[in-house]
Amino acid sequence: MLAVAAGWPLVRFLMPSGQGDSAGQVAIDRAQVALGTAHLFEYQGRPAVVLQPVPGEFVALSAVCTHLGCIVQWQEEESQFLCPCHAGRFSTDGSVVSGPPPKPLETLPVTLDGDQVLVG
Ligand code: FES
C-alpha cells in the first residue's frame with residue numbers, strides 16, 4: 001500500500017499543469033481509481049483525492065486535514081484516511097471518525113463521463 005501523502009511530491013512533479021479544463025474541472029481516468037484505492041491529484045492548486053469506496057461510486061475530497069492543514073494518507077486496510085500530524089481519522093465520505101479535526105474533509109463535486117471521473 002502506498003501512503004497518499006508520501007507520493008504527493010512525485011504526483012505534483014509528474015502532473016501537467018494543464019490537466020484541468022478552463023473551468024477548473026479535472027479529468028481522471030477511471031482506471032486510475034481502482035476499487036478500494038485512492039488517487040491523489042491537484043485540484044485548484046491544492047492536494048485532493050478521489051476514491052472508489054464501492055463499485056461504480058466515486059468520491060472526491062480535499063486531502064487537506066481540517067485541523068491544521070496536514071495532508072491525509074489513505075489507509076487501504078481500514079478504508080479510512082489518517083492524518084499523520086495528530087492522528088485524525090476520516091471516513092471515505094470525509095466525515096471525522098476520530099481525533100482533533102473539527103469538521104469533515106471538503107467534498108468536491110464528481111461526475112462520470114465515459115471512462116473519465118470529472119472533478120469540479
Ligand atoms: S493536522 Fe490533521 S489531525 Fe492535526
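All values reported here derive from a predicted model rather than from experimental measurement. (Residues numbered from 1 in each chain as written. Predicted model: local features only at pLDDT ≥ 70, side-chain atom pairs only at ≥ 80, totals over all residues. Heavy atoms only, no water.)

(A) Molecular detail of the sheet that holds strand β1 (residues 26-29). Taken in spatial order, the three strands make up an open sheet running β1-β11-β10, and their pairing is antiparallel. One side of each edge strand has no neighbouring strand; the edge strands of this open sheet are β1 and β10 (110-113). The mean angle between the axes of side-by-side strands here comes to 30 degrees, regardless of whether they run parallel or antiparallel. Where β10 lies against strand β11 (residues 116-119), four bridges are found, and the strand directions are antiparallel. Its bridge partner lying in β11, L112 is registered against V117. (Pairing = 2+ DSSP bridges. Helix = DSSP H or I, 4+ residues; strand = E, 2+ residues; numbered from the N terminus. Axes fitted to C-alpha atoms, helices over the stretch in contact; angles between N-to-C directions.)

(B) Region of interest: the nonpolar core. By size, the foremost hydrophobic cluster in this structure holds 13 residues, and its most contacted members are L51, L61, V72, F81, F90 and L105. Elements supplying a minimum of two residues to this core: β3 (46-54) and β4 (57-62). Among all residues touching L51, those that are not within four sequence positions of it are V33, T37, A38, E57, F58, V59, L61, W74, F81 and T92. Formed by 12 residues, the second largest nonpolar core is a distinct cluster that contains I28, F58, L108 and V119. (Core = buried A, V, L, I, M, F, W, Y, C linked by side-chain atoms within 4.5 Å. Buried < 20%, exposed > 50% of the residue type's maximum accessible area, 1.4 Å probe, protein only. Contact = heavy atoms within 4.5 Å.)

(C) Looking closely at the side chain of T37. Its place among the elements puts T37 in the loop between β1 and β2 (38-43). One polar contact links the side chain of T37 to the main-chain carbonyl oxygen of A34, over a distance of 2.7 Å. What T37 contacts, discounting residues up to four positions off in sequence, is V50, L51, Q52, W74 and E76. (Polar contact = N/O pair within 3.5 Å; in protein donor to acceptor, adjacent residues only side chain to side chain.)

(D) Representation of the confidence of the model for the protein within the structure. For the protein, the mean per-residue pLDDT works out to 87, and 81% of the residues sit at or above 70. Contacts of residues 10-20 to residues separated by more than four positions or lying in other chains number 12 contacts, the stretch itself having pLDDT below 50. (pLDDT = per-residue confidence, 0-100.)

(E) Highlighting the state of the cysteines. Per the counting criterion, the structure on display carries one disulfide. Across the disulfide, C70 is cross-linked to C85 (sulfur-sulfur distance 1.8 Å). The chirality of the disulfide connecting C70 with C85 is left-handed, given an S-S dihedral of about -95 degrees. Remark: C85 occurs in the loop between β6 (80-82) and β7 (89-90) and C70 occurs in the loop between β4 and β5 (73-75); sequence separation between them is 15 residues. (Disulfide = S-S within 2.5 Å.)

(F) Structural view of the sheet that holds β2. Overall, antiparallel pairing links the four strands, which are arranged β2-β3-β4-β9 in an open sheet. Of all strands in the sheet, those with a lone pairing partner are β2 and β9 (107-108), marking the two edges. Pairing analysis gives two bridges linking β4 to β9, with the strands arranged antiparallel. Looking at the pairing, L61 lines up with T107 of β9.

(G) Summary view of the pattern of salt bridges. Tallying each qualifying case throughout the model produces one salt bridge. Note that R89 and E78 form a salt bridge whose closest N and O atoms lie 2.6 Å from each other. You can see R89 sitting in strand β7 and its partner E78 sitting in the loop between β5 and β6, a full 11 residues away along the chain. Assessed through its relative accessible area of 21%, R89 is described here as partly exposed. (Salt bridge = Lys/Arg side-chain N within 4 Å of Asp/Glu carboxyl O.)

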